Amino acid sequence: MSNTDIPMQMTNRDEIVDTALDPVHGPYTPASGATTALRLLALLFMGLGGAALALAIGVDFVSDPETASQTFGFLQTVAAVVGLSGIFWGVDLWSPEGTRALRDWRSALRRVTALHVVTTAFVIAEVWLVMLAIREFLIESPAFYSTLARLTFAGFLAHHFLPLRRRLAFFAALSLVGVYAVFGFADAAWLAGVGLCLIVICHLPVPFWWRVGVLLAAGALLAAARADLVTAPWSARVWPILGSMFMFRLILYMYDLRHSKEPMGAARTVSYFFLLPNLTFPLFPVVDFATFRKTYYDRDALLIYQQGVQWMIRGIIHLLLYRWVYHYLVITPSDITNGFDLARYVGANFLLYLRVSGQFHLIVGLLHLFGFRLPETHRFFFLAPSFTEFWRRINIYWKDFMMKVVYYPAYFRLRKSGAIKGAETAALIIATLLVFAATWFLHAYQWFWILGTFLLSWTDVAFWAILAGLLVANTLVELRHGRSRTLHAPKWSARMLIKRTVLTAGTFVMIASLWALWTSETFEGYRALWQNAGVMRDSAAAKQLAIVLAGVLVASLVFTFVFRKRVSTAGGIGAPNALNFPFFRDAVLSLAPLLLIFGLAEPSVNKRFSIALQEVVHHVRIGELNQRDESLLQQGYYENLVGANRFSSQLWEVYATRPSKRAWPSIMITEVMRHSDSFASPELRPNFSFLYHGEPLSTNRWGMRDKEYEQTPAPGSVRLAVMGQSYVMGESVADGETFESILEDRLNIDLNPLTGARYEVLNFAVSWQHPTIQLLLLESKVLSFRPNAALFVGHLRDPVNTSAHLARRVAAGDTLPYDFLREIVSKAGITRDMDRSEAAARMRPYEFEVLSRTYQRIAEICREQGIVPYYVYLVNPKDGNKSETVDSLVAMAAEAGLQVLNLVDVYDGHDEATLQVAPWDRHPNPRAHRLIADRLYLDLSESDFLTSGLTPDTTER
């Protein structure tokens, strides 16, 4: 049945949709005309439904954890949804309303038209296609595309065919089942329990401000746990979702609880706080409770669903565009060398906001499928012709939230006070400034619940302060000259189009430039962007910027003309308002881009494309970190970069689910690391043992993560020295589980009976050990152990990280240990106390020269000492590989005289997510270390120094 089965003009509509958790007031008493058979049928529905729901949840408790799937499976989803449907149909049949509805069922079926049947089937097919696209393109997190999307589709079908009076409670129950499906029993129990306790506090039978005080006390306790001052009994992944559900919605709920006289209703309240898509989206629109209540099924259900489908498709398109921008336009500040690079950096950083707009469209569209006809969240914000229009069009829910709880209360109180001269204008300015002050603070507060630390930086303050100033100035101009308002598209003239184009381009450039400030760590870093581009000193760079600005004007002209009707009206893309031909026309037009994307992603189609285009399709199809964020993830892990404006929202999720620093500390802040001002710092502390990430990590007397060895090799032994970074050292795996330890055991088991040699593989690796540090370590330490061979393990990020390390050391005033390094740094023009990003940018053109000279020197030393040198290319699981860079590194090592072992494909055929220590920790787990050891054994077993038995040198030993 659709919502038309119940007249929408009924005055007790709120009671109808809110009584489902308590279907009748008092005991469940069937209507007097109800028969025993009807009662038995209701009980049968409830009993079978409860059994199906218990089966869906209980199967996890009886399954073998070693073989059971870690996701809420297809059959569990079906059983859970069927179970909930049975329960609510049973409740409805038992209630008086259900008895009356059953009597009217026959007449209701007669009112259903062929158009209604066709339209319902069409909308269901659309929703299925959207859910298929979500799964096909791996939209957002695995919890969303593999669990929640499936639960949403099944729940949507059951929800639509329930009586309207049961749908809200069904959605609330479905959301709670979703909590279990996403988080598992323990975390789900804590999340739901804490959330329900906060809701109960809102309704305590005490004065309003007392309730506010209790909420603040509860919030302070939770904040202490989030800051790791006290230990929470749930895992870290609960925090971002718990915060997202309650940090802003509690404010709006309490506001409406105080000002609204309408009853809240248990089903509506639970639905509002535990909104189904919120379970996988920490960044969530600030849904207003009054709007949430007012727009629930306020028009025909199929029309609401159709609008939701359109918005979900728009969201998917935004997210796919974001992926293209993320992988192909985003660069680091150190990549900037000219005006084009600067424009690319500034523009791409702003365009990354497509992910937020895409997520919000997807979220609100999904909620439409359950009858919540919420307004759109963004409206052509890239085409805003002024700063006030930009504020009105970007994240509309946040703007409405600020207007409701900050602007209007402050404005009207200041205006009425009469204490300020020019009260109206002054009230407007002060209220606007208060809005942006609150926005700055609440964004930092939001970041606290996501990562457990406040975002406090001067660039963040400056961004909001400058934006506030621009908005105040723009508002005063509008106040003096007025703002054109129209509900219909005006007639466009050439003059109007040109004016709008110039204003839109100017606003875009200003906002993008401000965005670059926001994403800079410091003001000096922001200045370095322009310094690196050379726009202040190079006319060619200035001309390049001028060309880009001209391109922005042209793009503004084109998009403004194409969307002129939509950007000039109060509303966005209109929703269908009747079940007729335009309904189907609009539906087909909205599906067309989705079907086109499906076609391009089809392997039989895209295999005809060029390799470069196939790579684009791959990156758009699969959401993964780009090279910049892989580097930031590594740097954040080692260098504790935690500012929200330091990395993209894609990286937020990785950090958001990471345990606290106390529970999962960086190796760099543990006592095993010994820091100094030397070029090769840090080092491992000798004779040290402790538990790291739950696994034993021990060092020997030489400061190596290995067992004890004599410095002088015993007669008849063959030694291999291994150097590399943290994944070579074996972070987060136990002693004896590193690939060098496994390799040593296998060499002795398989080759010792053939050669009589004892094989020793010495692990000299230390976190953050770049090739230049490996060279220094080779001379200062490794040679004294007289190895027969040395394995220098390289990574995709070696060029960037090595040059950045040199830039940091020089800028810090250190003396470099080699003449060739000093020569290269001199050519780069890096000086002491230079800004870090500027120094790194100056080193970028020389990064491969640094590596080449380093490997040449390594090869020379090894030849002089009779050591067989190997270059081993190896990365962490899910680090990705750029074929051109890999080929360059391998060729450079071979040209320098190192024997190459390319392990680029060592993880092929395996799900790399199962080979990393944790979602937030890319280091190889024990299984991955075994794969690496097996591959190295195969590659090395043919080496002469291993298979020829004892050499004269080893015999003398």
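The structure presented is a predicted model; accordingly, all values stated were derived computationally and were not measured.

1. Here's the deal with the overall build of the protein
Part 1: For the protein, the helix and strand inventory stands at 41 helices and 11 strands.
Part 2: Sorting the 957 residues of the protein into buried and exposed places 56% on the buried side.
Part 3: A fraction of 76% describes how many contacts in the protein between residues 6 or more apart in sequence connect residues 24 or more apart.
Part 4: Accessible area for the protein stands at about 40600 Å²; split by element, carbon and sulfur atoms hold 62% of it.

2. Topic: the packing of helix α34 (residues 798-811) against helix α37 (residues 847-865)
Part 1: Remark: α34 packs on α37, axes separated minimally by 8 Å, with the N-to-C direction vectors making an angle of 90°. Our classification of the angle between α34 and α37 gives roughly perpendicular. Judged by residue contacts, Asp798, Pro799, Val800, Thr802, Ser803 and Leu806 of α34 engage Glu847, Phe848, Val850, Leu851 and Tyr855 from α37.
Part 2: Considered class by class, the residues forming the contact of α34 with α37 number seven nonpolar, two polar and two charged.

3. Notes on the sheet that holds strand β6 (residues 758-763)
Part 1: Here five strands make up an open sheet; going across it, the order is β6-β5-β7-β8-β9 and the pairing parallel. Edge strands, defined here as strands with exactly one partner in the open sheet, are β6 and β9 (899-902). Sheet twist, expressed as the mean angle between neighbouring strand axes with direction ignored, is 20°.
Part 2: Direction of pairing for strand β8 (residues 868-873) relative to β9: parallel, over a ladder of four bridges. Its bridge partner being in β9, Tyr873 is matched across the sheet by Asn902.
Part 3: Docked against the sheet, helix α39 (residues 926-940) engages β5 (717-723), β7 (789-794), β8 and β9, running at close to 145° with respect to β9.

4. Comments concerning unusual backbone geometry
Part 1: Positive phi values are uncommon outside glycine, yet Asp228 reaches one of about 70°.
Part 2: Checked against the element boundaries, Asp228 lands in the loop between α9 (208-226) and α10 (238-246).
Part 3: The phi torsion at Ser732 lies on the positive side, around 70°, for a residue other than glycine.
Part 4: Along the chain, the position of Ser732 falls in the loop between α30 (726-729) and α31 (739-750).

5. Here's the deal with the packing of aromatic side chains
Part 1: With the rule as written, the count across this model stands at 59 aromatic pairs.
Part 2: Summarising the aromatic geometry, the rings of Phe137 and Phe598 are spaced 5.8 Å apart at their centres and angled 45° between planes, so their arrangement reads as tilted. Residue Phe137 is found in the loop between α6 (114-136) and α7 (142-160), and its partner Phe598 is found in helix α25 (residues 581-601); the two are separated by 461 residues along the sequence.
Part 3: Taking the centre distance of 5.0 Å and the plane angle of 65° together, the rings of Phe144 and Phe281 count as edge-to-face. Residue Phe144 is located in helix α7, and its partner Phe281 is located in the loop between α12 (266-273) and α13 (289-294); the two are separated by 137 residues in the primary sequence. As far as the burial class goes, Phe144 and Phe281 line up, both buried.
Part 4: What links up through ring pairs into an aromatic cluster is the set Phe171, Phe246, Tyr253, Tyr272, Phe273, Phe274, Phe289, Phe292, Tyr296, Tyr297, Phe370 and Phe372.
Part 5: The cationic tip of Arg249 hangs over the ring face of Tyr272; the distance from NZ or CZ to the ring centre is 6.0 Å.

6. Considering the pattern of salt bridges
Part 1: Overall, the coordinates contain 32 salt bridges when judged by the stated rule.
Part 2: One salt bridge in this structure joins Glu389 and Arg392, with 3.0 Å as the shortest N-O distance. With Glu389 and Arg392 both in helix α17 (residues 387-393), this residue pair falls three residues apart, about one helical turn.
Part 3: Residue Arg392 is classed as partly exposed on the basis of its relative accessible area of 23%.
Part 4: Its salt-bridge partner being Lys827, residue Glu849 comes within 3.0 Å of it at the nearest N-O pair.

7. Brief notes about the packing of helix α15 (residues 339-351) against helix α23 (residues 539-562)
For any two helices packed against each other, the geometry is given by the interaxial angle and the distance between the axes.
Part 1: Where α15 contacts α23, the axes come no closer than 7 Å and their chain directions differ by 45°. The angle between the axes of α15 and α23 places the two elements in the oblique class. Taking contact as the criterion, the partners of Gly339, Phe340, Leu342 and Ala343 in α15 are, on α23, Ala541, Gln544, Leu545, Ile547 and Val548.
Part 2: Residues of the contact of α15 with α23, tallied by class, amount to seven nonpolar, two polar and no charged.

8. Digging into helix α16 (residues 354-368)
Part 1: Here α16 is 15 residues long and its end C-alpha atoms lie 21 Å apart, about the 21 Å a rise of 1.5 Å per residue gives.
Part 2: In terms of burial, α16 is largely enclosed, as 15 of its 15 residues are buried.

9. Structural notes on a nonpolar patch on the surface
Part 1: On the surface, a cluster of nonpolar side chains totalling about 460 Å² of accessible area is made up of Val554, Val558, Phe559, Phe561 and Val562.
Part 2: As for its position among the elements, Val554 is in helix α23.

Conventions used here
Residues numbered from 1 in each chain as written. Predicted model: local features only at pLDDT ≥ 70, side-chain atom pairs only at ≥ 80, totals over all residues. Heavy atoms only, no water. Helix = DSSP H or I, 4+ residues; strand = E, 2+ residues; numbered from the N terminus. Buried < 20%, exposed > 50% of the residue type's maximum accessible area, 1.4 Å probe, protein only. Contact = heavy atoms within 4.5 Å. Areas by Shrake-Rupley, 256 points an atom, 1.4 Å probe, with all protein chains shown as cover. Axes fitted to C-alpha atoms, helices over the stretch in contact; angles between N-to-C directions. Parallel < 35°, antiparallel > 145°, perpendicular 65-115°, else oblique. Nonpolar A, V, L, I, M, F, W, Y, C, P; charged D, E, K, R; others polar. Pairing = 2+ DSSP bridges. Phe/Tyr/Trp six-rings, centres within 6.5 Å; stacked < 30°, edge-to-face > 60°. Lys NZ or Arg CZ within 6 Å of the ring centre and 35° of its normal. Salt bridge = Lys/Arg side-chain N within 4 Å of Asp/Glu carboxyl O. Expected span 1.5 Å × (residues − 1). Patch = residues over 30% accessible without salt bridge, like charges linked within 9 Å, V, L, I, M, F, W, Y side chains within 5 Å.

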